[in-house]
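Close look at the chain arrangement
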Number of protein chains: 2
Amino acid sequence: MKLSDKGELSLLEALRRRFWKKAPGLVLGIGDDAAVIKLAGKKMLLTTDMMVEGVHFDLAWITPFQLGFKLVSVNVSDIYAMGGKPEYLLLDFAAPGDFDLGKFESFFRGIGEALKEYRISLVGGDISSSDRVILSATVTGSASRVVTRGKARPGDVIYVTGCLGDSAGGLLVLKAMNTSVEVEKGAKTAFGPGWETVGPLIEKHVMPRPKRPGRFLKSATAMMDISDGLFIDLSRLCRESGVGAKLYLEKIPVSDELKNASAFLGVSATDLATAGGEDYELLFTAPRREKVRAICIGEITKRGLRIVDTKGNAKKILAKGYRHFAV
Amino acid sequence: MKLSDKGELSLLEALRRRFWKKAPGLVLGIGDDAAVIKLAGKKMLLTTDMMVEGVHFDLAWITPFQLGFKLVSVNVSDIYAMGGKPEYLLLDFAAPGDFDLGKFESFFRGIGEALKEYRISLVGGDISSSDRVILSATVTGSASRVVTRGKARPGDVIYVTGCLGDSAGGLLVLKAMNTSVEVEKGAKTAFGPGWETVGPLIEKHVMPRPKRPGRFLKSATAMMDISDGLFIDLSRLCRESGVGAKLYLEKIPVSDELKNASAFLGVSATDLATAGGEDYELLFTAPRREKVRAICIGEITKRGLRIVDTKGNAKKILAKGYRHFAV
C-alpha cells in the first residue's frame, strides 16, 4: 500500500490519534493551524511549514525575494489564524552548490522584508546542500486568547476577511506568461487583460499578506486561515467543531480583477475562489448578535455542507482544494 | 558567483551579521546549537534541522524506523548541548506518493520510540508530497542555566562525553555492506571483523543517543554537541569564545571496535574520530579546579588550534569535518 492510497487527510488523522497525548503544558497538539503550549502561565504558539521546489513553487514564476517573503507569510498566517502574535522565526534552507549567490541574497532580502512587515526576529536555523531548493520555517507566537477550529456553533455566521481566488488566479496568469514578475521592484508586465487586472492577482500569489485577527478576536468562536481552498478548509473547521455549514454562492467575495482574468483565461472564477487555495485570508465564525466587520458568506448549521446557488438551489459541497497524495 | 564559492560557514556568518538584532525577549539568536528566548521569566530553547534523502541519508543504509529516531535525536542533541531539557517536537514530512505505507508507519514508530526515550511530545507539523523523502524537525526545550559556545577561557580543560568516530565508522561499514540492518529488532549481520565489532558502530550511526548534560552543567563554561566532527566543531567553539585550544592525540577516545573496523576497512580511526562527524557527544570546557567525570582531551589556550601527537610534536589543526558547500 502506498501513501497515495490513503491521502493526506487520513494520514494526518492517523498520526493525530497515534500521538495524541495529554502532556503537562500542552494545550493543543496536532490538528489546528498551530500547536499551543503553556509556559509560565503564557500561551505560546508553534507552527511549521515546508516548501519544496517543484512541489510548492517553481522559480520560473516566483522570484527568490518573493519566495523568502512568502515562506514567512504562510507561517505567520497560521499564527494569526489562532488569534496570535508572531514572534520568532527559525529557518532551514537547502539548495544546490551551484545556486546563484545573488539569488540567495535576494531570498534573504525577502526574508528580511517579511521580518519587518510582521515585526519578528530570525533566531536560528540551518543551511545545507540539496539538488533543489527546499525550505522549512518554524514560527513561534503568543496569544492571550487562542481561537481554535473547534468551537463553531449552529447559528453562528461564517465570515472571510477578503476576496478569494486571487492567488490561484495569479498563479494561472504567471503560468500563462511563463515568467516571474518583480512586483517588489514595481515591475509590470503586459499581459492579456492588462496589468491593472493581473497585477493585484500576481501580488497576492507571490507576496501574500495575511490578515491580522485582532479586531475579530473578541467575537470569533472558531477560526482558521484559508490555505488549501475555502471548501476544503471550511470542511475541516466544520469537522473539528462537529457542525455543518450553508454557504451562499453570491456572497463569496470575488474581485473584479479575478472575474476579468478568469474570463480571459477561460476558467471559472468561482472554482478558483472556492478551491484555489493559498488565499491566506481568515475564515471564522461568530454569533449572529455580534457586530463583525468582515464579509459574511454563510452560516453554521447542525450538519451537512451545502452551498446555495444564485437560483436558490442548495447543493452538497465537495471538499475540493489542494491535498497532497490526493485520492 | 555560486553558493559553493562561499561555503556554508561564511554564508552562515553573513546571515548572522545581517539578522543580528536585539529583540525584546531574545537572549541568543543565530550561531549556537539552539536559539534562546525568554518567556515570562523562563528560558526557552528552539532548534531545527532538516534531513534530505540523498544528502543527509540513504534509505539503502538506514531503516525508516532508525531515520525517525535519528531525526528526533539530532535535534534533542542540540537542546542538550545548550544545557536544556527537550519538551516538544514539530515535524515536517515529505515523500513521494508511491512511498510504501509500511515504511511510513515504521518511520513514525521510530519517532514514537524517540518521543519515549526523550520524554517529549509531538505537537504539530505537516505532511506533503515530494519526489524524495525530506524531513524537518523543530524541538523546543527549557533550561534554567544555558551553556553557550562563547565562554571558554584559557586554562579551561576540554572534555568529551564518549568515544568519537564510531558513527562515521558505522556508516563506512554500512556502505561496504550496502545494506541497512534492523538493529532495533535485534538483527545482526555477518561482516568482516564480526558483529561484536561492527554492531556498536552501526547502532551509534543509525540510532544515536545524545548524552544528557545534567552532571556537567554546574562546571561547564562552554558546550556544544559534536555533529560535524571534533576538529571543525572545536574550531567553532574556540572562535565563539575568542580562544585557542591544544588537544592531545592520545587522549582522544577511540573505541576498540572502531580500531578493529578501521584496520579491516583500511581507513584511519584517527581521521574518523577527529573529522567523521555525527558523534552527538558533548564537547565542553570547564575550569581545571572542577572535578568532571568526562574524558579530558586537551586544554583551552589563548590562541591557535594545535594537536600534540604521540611523539610530543604539536601540529596546527585544520578544521576538517562535514561542511555543506565545502570549498
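Let me sum up the structure you'll find in this document.

1. Examining the relation of the copies chain A and chain B
Superposing chain A onto chain B takes a rotation of 180° plus a shift of 0.0 Å along the axis, which leaves an RMSD of 0.0 Å. The superposition of one copy onto the other is thereby described by a two-fold rotation axis. Across chain A, the rotation axis passes nearest the C-alpha of A40(A), at a separation of 3.0 Å. Interface residue correspondence from chain A to chain B reaches 99%, placing this contact among same-surface, isologous pairings.

2. Side note on the interface of chain A and chain B
Facing 73 residues of chain A, the contacting portion of chain B comprises 72 residues. At the junction of chain A and chain B, the tally comes to 20 residue pairs in polar contact (both at pLDDT 80 or more). Sorting the residues of the side of chain A that touches chain B by element identifies α1 (3–6), α2 (8–19), β2 (35–39), β3 (42–52), β4 (85–95), α4 (101–118), β5 (121–129) and β6 (134–143) of chain A as the ones contributing at least two each. The leading source of residues in the side of chain A that touches chain B is β5(A), at nine residues. When grouped by side-chain class, the residues that make up the side of chain A that touches chain B number 39 nonpolar, 18 polar and 16 charged.

3. What about the side chain of D92(B)?
Here D92(B) lies in strand β4 (residues 85–95). Buried and unpaired, D92(B) has no salt bridge, with R149(A) as the nearest side chain of opposite charge at 13 Å. Of note is the side chain of D92(B), whose polar atom sits 3.4 Å from the backbone nitrogen of D126(B). With residues up to four places along the chain from it excluded, the contact list for D92(B) reads T48(A), D49(A), M50(A), S136(A), G125(B), D126(B), I134(B), L135(B) and S136(B).

4. What about the sheet that holds β6(A)?
All names here are of chain A. Within the open sheet, the six strands sit side by side as β1-β2-β3-β6-β4-β5. Their pairing is mixed. Only two strands of the sheet have a single partner each, and these edge strands are β1 (26–28) and β5. In this sheet, adjacent strand axes meet at a mean angle of 20° when their direction is disregarded. Here β3 pairs with β6 via 10 bridges, running antiparallel. If you follow L46 over to β6, its bridge partner there is T140.

5. Concerning helix α8 (residues 256–265) of chain A
Residues and elements named next belong to chain A. Those residues of α8 that fall on the buried side of the exposure criterion are L258, A261 and S262. For α8, the angular spread of buried residues about the axis comes to 100°, placing them on one side. Away from its buried face, by an angle of more than 90 degrees, α8 presents the exposed residues D256 and A263. Contact partners of the buried residues in α8: α5 (166–177), α6 (195–206) and α9 (269–275).

6. Here we look at the packing of aromatic side chains
Residues and elements named next belong to chain B. Per the stated rule, a full pass over the model turns up 24 aromatic pairs over all chains. Ring centres of F93 and F99 lie 6.2 Å apart, and the angle between their planes is 65°; on these two criteria the pair is classed as edge-to-face. On the accessibility criterion, F93 (1% relative accessible area) is buried. Residue F99 is classed as buried on the basis of its relative accessible area, which comes to 11%. Summarising the aromatic geometry, the rings of F93 and F107 are spaced 5.2 Å apart at their centres and angled 50° between planes, so their arrangement reads as tilted. Here F93, found in strand β4, pairs with F107, found in helix α4 (residues 101–118); they are 14 residues apart in sequence, far enough to count as distant.

About the thresholds
Residues numbered from 1 in each chain as written. Chains lettered and ligands numbered in written order. Predicted model: local features only at pLDDT ≥ 70, side-chain atom pairs only at ≥ 80, totals over all residues. Heavy atoms only, no water. Least-squares fit on C-alpha atoms with pLDDT ≥ 70 in both. Contact = heavy atoms within 4.5 Å. Polar contact = N/O pair within 3.5 Å; in protein donor to acceptor, adjacent residues only side chain to side chain. Helix = DSSP H or I, 4+ residues; strand = E, 2+ residues; numbered from the N terminus. Nonpolar A, V, L, I, M, F, W, Y, C, P; charged D, E, K, R; others polar. Buried < 20%, exposed > 50% of the residue type's maximum accessible area, 1.4 Å probe, protein only. Lys, Arg positive; Asp, Glu negative; His and termini not counted. Salt bridge = Lys/Arg side-chain N within 4 Å of Asp/Glu carboxyl O. Pairing = 2+ DSSP bridges. Axes fitted to C-alpha atoms, helices over the stretch in contact; angles between N-to-C directions. Arc of directions from axis to C-beta. Phe/Tyr/Trp six-rings, centres within 6.5 Å; stacked < 30°, edge-to-face > 60°.

Shape descriptors only; they carry no functional weight alone.
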